[in-house]
Protein chains: 4
Amino acid sequence: MNIGIIGFGYWGTNLVRNFALQKDADLKVVVDSRKERESVLTKLCPTATFSTSADELIKNKDIDAVVIATPVHTHFELAKKSLENDKHVLIEKPMVPSTEEANILIDLANKKGKVLMVDHTFLYTGAVKKMKELIDSGDIGNIKYFDSTRINLGLFQPDINVLWDLAPHDISILNYLINEKPRSVQATGVSHTNNGIENIAYINVNYDSGFMAHFSCSWTSPVKIRMMLIGGDKKMIVFNDVEPTEKIKVYDTGYDHKTDEEKKQVLVDYRTGDIFTPKLETKEALSGMAADFISAIKNNHSPLSDYNSGLEVIRILEATQISIKNNGKEVLVKQ
Amino acid sequence: MNIGIIGFGYWGTNLVRNFALQKDADLKVVVDSRKERESVLTKLCPTATFSTSADELIKNKDIDAVVIATPVHTHFELAKKSLENDKHVLIEKPMVPSTEEANILIDLANKKGKVLMVDHTFLYTGAVKKMKELIDSGDIGNIKYFDSTRINLGLFQPDINVLWDLAPHDISILNYLINEKPRSVQATGVSHTNNGIENIAYINVNYDSGFMAHFSCSWTSPVKIRMMLIGGDKKMIVFNDVEPTEKIKVYDTGYDHKTDEEKKQVLVDYRTGDIFTPKLETKEALSGMAADFISAIKNNHSPLSDYNSGLEVIRILEATQISIKNNGKEVLVKQ
Amino acid sequence: MNIGIIGFGYWGTNLVRNFALQKDADLKVVVDSRKERESVLTKLCPTATFSTSADELIKNKDIDAVVIATPVHTHFELAKKSLENDKHVLIEKPMVPSTEEANILIDLANKKGKVLMVDHTFLYTGAVKKMKELIDSGDIGNIKYFDSTRINLGLFQPDINVLWDLAPHDISILNYLINEKPRSVQATGVSHTNNGIENIAYINVNYDSGFMAHFSCSWTSPVKIRMMLIGGDKKMIVFNDVEPTEKIKVYDTGYDHKTDEEKKQVLVDYRTGDIFTPKLETKEALSGMAADFISAIKNNHSPLSDYNSGLEVIRILEATQISIKNNGKEVLVKQ
Amino acid sequence: MNIGIIGFGYWGTNLVRNFALQKDADLKVVVDSRKERESVLTKLCPTATFSTSADELIKNKDIDAVVIATPVHTHFELAKKSLENDKHVLIEKPMVPSTEEANILIDLANKKGKVLMVDHTFLYTGAVKKMKELIDSGDIGNIKYFDSTRINLGLFQPDINVLWDLAPHDISILNYLINEKPRSVQATGVSHTNNGIENIAYINVNYDSGFMAHFSCSWTSPVKIRMMLIGGDKKMIVFNDVEPTEKIKVYDTGYDHKTDEEKKQVLVDYRTGDIFTPKLETKEALSGMAADFISAIKNNHSPLSDYNSGLEVIRILEATQISIKNNGKEVLVKQ
């Protein structure tokens with residue numbers, strides 16, 4: 001199987017490194033419009049050819065699959081053309097800027113019988129796999145809230161705001177762990193640049209059951225925080241991704257509440273107990289994602305981070321976009 | 001000067017301990033409706049008399065000042081009666097449940113010429129004093145955002161939600177550090193008890209200048225986080241209150257942005273530099289607050305945490321109360 | 001039961017606070033040579049009488065028990081006189097400067113039928129209790145090493161070096177957890193003052209079984225570290241005492257080794273697994289220690305931190321004293 | 001310039017990755033006795049040839065420089081043969097097992113006019129460079145102590161103990177930062193395997209001036225600690241290498257002591273002040289080391305981590321070897 005990658009920037013470099021080491025596929029072509037990136041590629045993966053033409057790659061009959069790691073606004077055209085030319089397609093997150101475009105690509109992939117996948121790398125980490133396992137086992141109980149913070153000094157993107165840049169990671173994890181479909185979102189943010197693109201933003205995602213998710217994203221924090229709290233009625237999980245090894249802690253912490261009818265008070269009994277820090281799989285997530293793409297093509301199965309995963313993230317982001325421009329108004333998520 | 005304290009629960013105990021050690025005043029009476037608290041008082045402060053009658057204390061001619069550390073819904077009546085009986089009054093935060101009641105107390109204090117103060121303890125910490133000093137010196141530049149997280153396993157209050165319980169700390173700090181008046185708030189939250197009182201909640205406070213503050217409060221987190229980020233256009237401050245000594249870090253971190261007219265792009269230049277961790281005053285804040293109350297009475301000056309500080313916190317909380325019940329709607333803050 | 005405390009300095013203040021709150025005893029007299037400490041006592045414990053005469057206290061017929069919290073070189077005389085006057089005695093760590101003196105006191109206590117106890121506060125902490133429980137249950141396996149670091153900016157003591165000041169904490173824990181008797185010690189250190197008193201020092205304690213303990217103590221570290229590693233052949237414990245709540249972590253980590261006869265190599269198989277952070281009792285240790293002293297007197301039982309515990313610490317410290325003055329020479333521990 | 005690397009194990013892989021990316025040299029041959037490593041090389045650096053014969057590489061006329069990353073006991077023979085065949089040589093730390101062998105290699109390198117360098121990677125880190133700069137500037141004052149801890153779950157080496165494996169990092173840093181020559185060492189350790197090779201060990205390095213360095217090394221710690229304390233009489237440095245970014249902190253902490261002649265006491269005045277966390281260069285250290293090797297060859301200068309740096313580490317390790325086998329006896333360091 002022959003692979004081509006379009007976009008050899010920061011993340012593209014990681015993709016090249018990981019696809020170059022895959023056993024069941026060969027990385028043949030890497031495309032970037034900046035000619036000066038050729039010498040970097042020659043050092044990093046001398047067996048791949050450098051090209052400045054995405055078009056040439058997409059029309060190359062020897063190429064089976066295309067990986068798209070370019071700016072978001074170019075994803076749709078590149079993916080569409082790739083599918084039309086009978087390529088399997090892996091797109092960097094976020095998939096495309098709208099659910100409309102996502103649906104066109106999904107229909108096309110189905111029609112062509114090709115794999116269409118989105119790189120939600122986090123689903124391939126040992127930490128997220130462990131959380132999925134813990135939640136599915138029932139150990140955590142009913143999930144009551146989800147709170148995610150992802151802040152750092154980050155590159156201001158010229159075409160998308162901080163939510164489109166950072167929140168796909170956390171929303172894809174949310175959707176993977178929680179089965180309920182979101183009802184609505186509220187998003188607020190602030191832009192410190194004169195193009196009006198938010199560099200700090202917050203989202204609430206609301207659900208019919210009363211479950212609630214909150215996201216805090218920033219390109220403008222002097223400290224790097226990547227923390228997720230997941231509260232169940234039996235136990236609570238803290239996922240601290242800046243911890244080198246002890247990323248997941250399960251707190252045997254909970255509370256029971258009952259109503260004292262006489263005093264009309266809610267009485268809450270706290271329970272705090274031991275903490276459990278499970279051992280996690282340490283394989284590089286991006287390598288697992290690349291292997292899943294190759295395996296999905298080869299064995300004709302659906303990858304973990306499939307187009308539905310991509311679409312559901314876009315549904316939420318699209319709603320946040322409307323909410324943030326309407327000053328935090330509640331906006332329904334399309335189903 | 002003779003002091004009486006009403007309310008000898010968790011916080012009242014701290015107040016007793018601190019007022020008992022003040023040099024310029026004597027703690028004479030401690031009131032609590034639970035008779036069984038008497039033996040605890042005898043051990044903790046044998047020179048104070050225990051009583052179950054707040055009324056008796058308030059009417060006691062020998063008492064100059066009353067400290068109110070009871071549930072919030074009782075603050076107004078107790079404070080009003082105390083002022084009417086010519087006592088100076090210190091009220092635990094939050095001052096009262098409404099701006100209307102706050103204004104009545106303020107008018108009465110002015111009429112009576114008595115000190116009316118709210119215990120915003122954090123204003124007396126070395127950390128907050130240092131932040132004030134740093135911001136006032138101009139070192140941080142124009143403040144662009146304020147982000148506060150205060151979460152822990154906390155006692156569910158029967159009469160007020162998590163915002164009324166925890167956010168007064170952070171809002172009083174915000175108001176102390178930032179001179180601009182807030183325009184509006186948006187608040188959302190979730191209740192895990194059947195009395196509908198929110199145990200997790202989020203606030204945005206919006207300002208005309210574009211400055212924005214965000215608060216995250218929870219009684220239901222397995223981990224204790226008390227962190228504040230303050231971003232200026234010159235430097236950024238991180239206040240991590242669970243750090244035992246290195247609570248304040250000043251990051252020489254910033255960014256400049258300009259617009260590339262040709263490419264219609266915003267170009268952002270990051271600057272990351274050294275970090276500075278100033279030494280902080282370590283005196284117990286509550287003792288400083290108690291001393292300020294006594295000194296304000298004695299020397300007829302306005303305490304740092306005066307009634308305006310209390311009122312401005314209530315103005316924001318009152319607006320959040322309306323917003324949270326209207327699903328996050330933007331609500332103007334009264335001026 | 002009436003208690004007197006001699007020494008109202010830093011630690012004496014903690015003792016006064018804790019003995020004042022005990023239910024089964026009354027703190028009657030506090031002695032300090034510095035007259036100016038009287039006013040502090042009046043605020044802290046108005047029911048106790050202040051005195052500058054230890055002698056008077058020791059001869060006071062109404063006093064049942066004496067607590068000695070003075071400089072180490074005064075411990076022996078004060079304790080001896082107290083026992084001779086039929087008082088029960090609690091001595092601050094380290095008990096006395098020599099095993100000879102310790103043995104004299106022990107003989108005297110036995111003859112008089114009085115409690116003689118040393119304040120090894122750490123034995124009363126939830127963390128040490130939990131480690132004892134874990135080790136005694138066999139969960140950790142055979143203990144192979146013990147490594148303790150206790151460093152901070154500490155007060156330079158004028159009469160004892162850093163080992164006599166800080167190591168009693170860790171040695172008392174070692175002796176409590178490990179049943180084997182030590183064979184020998186080696187100690188090295190450095191003095192940065194011209195009185196030759198070491199402010200940084202290291203100890204090895206050697207055992208016949210091959211088990212080894214290492215201690216690192218310093219008054220001259222800009223950071224505060226209080227960490228203990230205990231390695232068993234089944235699991236390992238980390239006790240991090242500067243962590244506010246998660247002080248004990250049990251690592252399901254170990255290794256098996258076998259000899260490959262052919263290649264003459266030792267093959268080591270690592271096993272790393274989950275981490276378990278047990279919930280700890282949070283009662284103040286000093287209060288538990290005070291209660292144990294009172295209960296030992298009342299119920300005629302041996303306290304946890306009894307004179308043997310005190311003596312065994314002195315045996316090791318005495319040997320380190322010889323070793324450190326002989327440049328780290330191995331010195332046998334008296335039995 | 002053409003480079004060959006002997007040894008394609010864990011560290012060899014890092015060397016291959018870094019030398020492959022160097023601009024002024026080509027990595028031509030990689031040697032490993034395990035034939036199955038060839039396919040890994042083909043993926044990692046397809047332009048290099050794989051070989052199982054070190055001899056062939058060393059005699060290859062096209063090769064200018066040889067990098068030796070094999071077990072320590074093979075270093076001497078491989079380096080000697082390489083120098084004899086007119087190759088420049090870079091050896092992994094520790095250089096060789098004895099000062100005798102080190103001196104033979106040094107003489108040979110001088111005779112042949114070739115670069116002989118040891119890979120003390122840490123000297124090329126931003127953190128160590130910054131410490132050197134701070135100390136050389138006089139900001140820290142006279143250095144009074146040096147305390148290093150490097151512990152983790154580490155691979156038990158079959159031929160060298162934990163000191164030969166881990167301490168070269170810290171000793172090379174010590175020697176780089178401190179100009180005084182060591183007088184003697186004391187080393188103790190414990191072996192948990194039946195080959196008698198220590199897996200936990202401690203070193204004191206003693207100096208005529210009274211300055212003292214202490215090292216704690218372990219392959220058997222469940223937690224990873226890499227911390228260095230450097231205490232000057234003006235300021236103190238903490239180097240915490242497991243911190244992702246804030247690795248170096250400079251504490252404006254110190255103490256003055258004077259002797260009170262009357263009371264015959266040493267009085268110590270503490271001073272604690274601000275903390276300064278300098279920004280560090282973030283370039284990968286191994287790449288800087290590789291570049292220094294190439295530049296030293298090309299420009300005929302002495303590299304930072306030259307043979308003297310290697311020899312001085314061996315001098316200390318050789319003395320620890322004698323001490324540890326003599327139960328911690330003081331052993332002079334050869335000069």
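Residues numbered from 1 in each chain as written. Chains lettered and ligands numbered in written order. Predicted model: local features only at pLDDT ≥ 70, side-chain atom pairs only at ≥ 80, totals over all residues. Heavy atoms only, no water.

### Considerations on the relation of the copies chain B and chain C
Each copy superposes on the other: chain B lies on chain C with an RMSD of 0.0 Å after a rotation of 180° and an axial shift of 0.1 Å. One copy is carried onto the other by what is essentially a two-fold rotation axis. Ranked by how close their C-alpha atoms come to the rotation axis, the residues of chain B are headed by Pro 46 of chain B, at 3.4 Å. Looking at the interface residues of chain B, 89% of them are also at the interface in chain C, so both copies use one shared face. (Least-squares fit on C-alpha atoms with pLDDT ≥ 70 in both. Contact = heavy atoms within 4.5 Å.)

### Some remarks on the interface of chain A and chain B
At the interface, 48 residues of chain A touch 48 residues of chain B. Across the chain A to chain B interface the summed buried area is about 4000 Å²; carbon plus sulfur atoms make up 66%. Its largest share of buried area at the contact with chain B, chain A owes to His 192, Pro 222 and Tyr 270 of chain A, together 15% of the area lost on that side. At the junction of chain A and chain B, the tally comes to zero salt bridges. Taken together, chain A and chain B are joined by 13 residue pairs in polar contact (both at pLDDT 80 or more). Elements with a contribution of two residues or more to the side of chain A that touches chain B: β7 (143-153), β8 (184-190), β9 (200-206), β10 (212-218), β11 (220-232), β12 (236-240), β13 (248-260) and β14 (265-277) of chain A. At seven residues, β11 of chain A tops the list of elements feeding residues into the side of chain A that touches chain B. Tallied by class, the residues present in the side of chain A that touches chain B amount to 23 nonpolar, 22 polar and three charged. (Buried area = accessible area lost by both parts, 1.4 Å probe. Salt bridge = Lys/Arg side-chain N within 4 Å of Asp/Glu carboxyl O. Polar contact = N/O pair within 3.5 Å; in protein donor to acceptor, adjacent residues only side chain to side chain. Helix = DSSP H or I, 4+ residues; strand = E, 2+ residues; numbered from the N terminus. Nonpolar A, V, L, I, M, F, W, Y, C, P; charged D, E, K, R; others polar.)

### Comments concerning the interface of chain B and chain C
If you look at the interface, chain B gives nine residues, while chain C gives eight residues. Note on chain B versus chain C: buried area summed over both sides is about 690 Å², and carbon and sulfur give 60% of it. Among the residues of chain B in contact with chain C, Leu 21, Lys 43 and Pro 46 of chain B are the three that bury the most area, contributing 61% of the side total. At the boundary of chain B and chain C, one finds zero salt bridges. If you look at where chain B meets chain C, you find four residue pairs in polar contact (both at pLDDT 80 or more). In the side of chain B that touches chain C, the residues fall into five nonpolar, two polar and two charged.

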